[in-house]
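Fold and geometry: a report
Spelled out from the first residue to the last, the chains are:
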Number of protein chains: 2
Amino acid sequence: MARLPVYLRALHALQDRGVATVSSEELASAAGVNSAKLRKDLSHLGSYGTRGVGYEVEYLVYQISRELGLTQDWVVAIIGVGNLGRALAGYGGFASRGFRVAGLLDADEQIVGQEISGLTVRHIDRLEDVIGEHGVSIAVIATPAGAAQGVCDRVVAAGVTSVLNFAPVVLTVPEWVDVRKVDLSIELQILAFHEQRKAGGPDGAGGRPSALDSGPPEPVHYVEAAE
Amino acid sequence: MARLPVYLRALHALQDRGVATVSSEELASAAGVNSAKLRKDLSHLGSYGTRGVGYEVEYLVYQISRELGLTQDWVVAIIGVGNLGRALAGYGGFASRGFRVAGLLDADEQIVGQEISGLTVRHIDRLEDVIGEHGVSIAVIATPAGAAQGVCDRVVAAGVTSVLNFAPVVLTVPEWVDVRKVDLSIELQILAFHEQRKAGGPDGAGGRPSALDSGPPEPVHYVEAAE
DNA sequence: ATGCCTTTGTGAATACGCGCACAAAGTCGA
DNA sequence: TCGACTTTGTGCGCGTATTCACAAAGGCAT
């Protein structure tokens with residue numbers, strides 16, 4: 001389930017606060033989901049709760065980590081060291097969750113050789129070497145759109161079976177390879193869509209809170225046809 | 001629908017290649033979805049196809065852009081100018097889709113005053129001013145986890161009704177505010193989960209291609225219990 | 001003009017996810 | 001020891017999304 005990482009994060013926060021046991025209600029609230037859903041999710045990986053008490057935080061952390069495969073280290077390579085690649089290389093959330101960045105690669109000679117977050121950027125020509133040497137199993141593609149499919153084909157040919165794609169293209173891969181896509185522009189477009197509806201979209205004003213109940217302080221934003 | 005931006009991107013690519021009309025089958029393939037689903041999605045915003053021919057690319061681009069609210073400009077502020085904030089500020093996919101970054105804000109005095117992608121970083125104290133002056137309606141939160149909820153409360157109080165959150169926390173907002181979350185660590189954890197299953201997870205080896213059919217060149221990666 | 005061929009738009013069947021609500025199970029106080 | 005209370009685990013119904021499959025609609029060649 002895609003929600004397990006969220007639970008895990010909430011559990012880590014509880015752990016840091018010294019909480020030993022937690023009820024499904026509390027944990028669900030912290031994770032922003034329904035408590036029944038959370039219980040059902042947890043029950044799918046075995047019954048680790050005690051009725052009348054709740055779940056033991058530490059034990060649950062271990063079980064979820066195990067289920068997610070975080071009890072082992074995963075070796076990651078980042079291809080494309082532009083602004084985004086740099087940000088990813090320096091992102092602390094990786095190392096703390098068992099993800100080790102073993103290689104940074106780029107095609108730009110200006111960038112190759114630079115040291116970023118303790119790693120030297122290597123040339124994309126060495127892609128297969130880097131993957132082989134370090135046993136990379138997850139590739140993060142942060143290249144321009146045009147280069148993404150080519151890079152993807154190469155990492156797959158080199159044995160990578162999971163790809164995290166930040167380039168704005170739909171990657172084609174063999175069926176044994178998993179791809180997840182993060183697209184900043186699409187996220188904004190979805191927000192714009194809802195924003196437009198709130199401001200009284202094509203269907204006429206629908207469903208936004210009136211100024212009477214505890215709505216926004218300012219009426220609404222101006223909306224005028226952009227042509 | 002959350003798929004419209006994907007269709008739009010595929011259509012833009014077709015437009016660049018000079019394609020005038022496209023069938024649901026082709027477009028669905030380019031967008032990575034089922035063709036019936038695509039037709040149903042498009043039919044929900046009116047019937048813009050011609051039977052026997054397909055859809056006119058240019059017209060469809062306009063209709064989807066309109067539906068998504070991209071015929072107007074949206075004003076965005078980015079709060080938190082670390083590695084990620086910097087990457088976002090320089091991301092070309094924003095401007096080209098009608099999103100204008102009007103403000104960069106940070107709490108760090110070292111960063112305030114720097115010019116990044118043509119914008120001067122301002123101090124977080126001026127948050128409300130920046131939002132008001134430019135009519136910001138979308139806030140991008142790229143702060144550390146600890147600061148995110150506080151920043152979120154402030155932008156909401158200042159009138160922002162859409163938030164794109166990169167901080168690894170679940171934000172609590174009034175019900176008229178939309179939040180979308182992008183969490184790099186969670187994406188990797190989901191990949192690790194599938195990776196583990198492919199490598200013969202807790203359930204025993206299940207469903208991965210054998211070495212007989214067109215599987216990966218190398219057998220599989222080593223997997224050993226990490227404790 | 002006419003009939004064949006392509007492609008859309010959609011009814012119907014299916015699968016899926018979600019959440020309510022409750023029984024089973026366990027704790028804790030008396 | 002016993003009963004009341006808390007919390008888990010899950011059966012069930014419901015609404016939504018997805019897919020199949022086909023009839024309606026339009027183009028195009030003859």
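Rules behind the numbers
Residues numbered from 1 in each chain as written. Chains lettered and ligands numbered in written order. Predicted model: local features only at pLDDT ≥ 70, side-chain atom pairs only at ≥ 80, totals over all residues. Heavy atoms only, no water. Salt bridge = Lys/Arg side-chain N within 4 Å of Asp/Glu carboxyl O. Helix = DSSP H or I, 4+ residues; strand = E, 2+ residues; numbered from the N terminus. Buried < 20%, exposed > 50% of the residue type's maximum accessible area, 1.4 Å probe, protein only. Pairing = 2+ DSSP bridges. Contact = heavy atoms within 4.5 Å. Axes fitted to C-alpha atoms, helices over the stretch in contact; angles between N-to-C directions. Near = heavy atom within 4 Å. Polar contact = N/O pair within 3.5 Å; in protein donor to acceptor, adjacent residues only side chain to side chain. Nonpolar A, V, L, I, M, F, W, Y, C, P; charged D, E, K, R; others polar. 1 Å grid on protein atoms, 1.4 Å probe; cavity = no way out; pocket = protein on both sides within 12 Å on 5 of 7 lines; lining within 4 Å. Points joined across faces, edges and corners; volume = space filled by probe spheres on them.

1. Some remarks on the pattern of salt bridges
Inspection of the entire model under this criterion finds 20 salt bridges over all chains. Notably, a salt bridge pairs Asp41(B) with Arg3(B), separated by 2.8 Å at the nearest N-O pair. Residue Asp41(B) is found in helix α3 (residues 35–44), and its partner Arg3(B) is found in the segment before α1 (4–16); the two are separated by 38 residues along the sequence. Overall, Asp41(B) belongs to the buried group, its relative accessible area being 6%. Here the residues in one salt-bridge network are Arg9(A), Lys181(B) and Asp183(B), joined through shared partners.

2. Comments concerning the sheet that holds strand β2 (residues 49–50) of chain B
Residues and elements named next belong to chain B. Here three strands make up an open sheet; going across it, the order is β1-β3-β2 and the pairing antiparallel. Two strands close off the open sheet at either side, each with one partner strand: β1 (21–22) and β2. Where β2 lies against strand β3 (residues 54–56), two bridges are found, and the strand directions are antiparallel. Paired with glycine 49 across the strands is tyrosine 55, a residue of β3. Sitting on the sheet, helix α4 (residues 57–68) touches β1 and β3, and the angle it makes with β3 is about 70°.

3. Notes on the protein's contact with DNA strand C
Contacts to DNA strand C come from 23 residues, most closely from Lys40(A), Arg51(A), Ser24(B), Arg39(B) and Tyr55(B). For DNA strand C, the fraction of protein-proximal atoms (within 4 Å) that sit in sugar or phosphate groups is 63%. In this structure, a phosphate oxygen belonging to DNA strand C sits 3.2 Å away from a main-chain N or O atom of Gly49(B). Here a sugar or linking oxygen of DNA strand C sits 3.0 Å away from a polar atom, N or O, in the side chain of Arg51(B). The set of elements that each furnish at least two residues to the surface near DNA strand C consists of α3 (35–43) of chain A together with α3, β2 and β3 of chain B. Looking at the surface near DNA strand C element by element, the count peaks at four residues for α3(A). Of the residues that constitute the surface near DNA strand C, the class distribution is five nonpolar, 10 polar and eight charged.

4. Description of the sheet that holds strand β1 (residues 21–22) of chain A
All names here are of chain A. Taken in spatial order, the three strands make up an open sheet running β1-β3-β2, and their pairing is antiparallel. Edge positions in the sheet fall to β1 and β2 (49–50), since each of these pairs with one other strand and no more. Where helix α4 (residues 57–68) meets the sheet, its contacts fall on β1 and β3 (54–56), and the angle it forms with β3 comes to roughly 70°.

5. Side note on the layout of surface pockets
Sizing a probe to match a water molecule and rolling it over the atoms shows the empty space that remains. Roughly 940 Å³ of internal volume is contained in the largest pocket. In terms of lining, the largest pocket is formed by 36 residues, of which the most central are Arg180(A), Glu187(A), Arg180(B), Lys181(B) and Glu187(B). Elements with a contribution of two residues or more to the lining of the largest pocket: β10 (178–181) and α9 (184–198) of chain A together with β10 (178–181) and α9 (184–198) of chain B.

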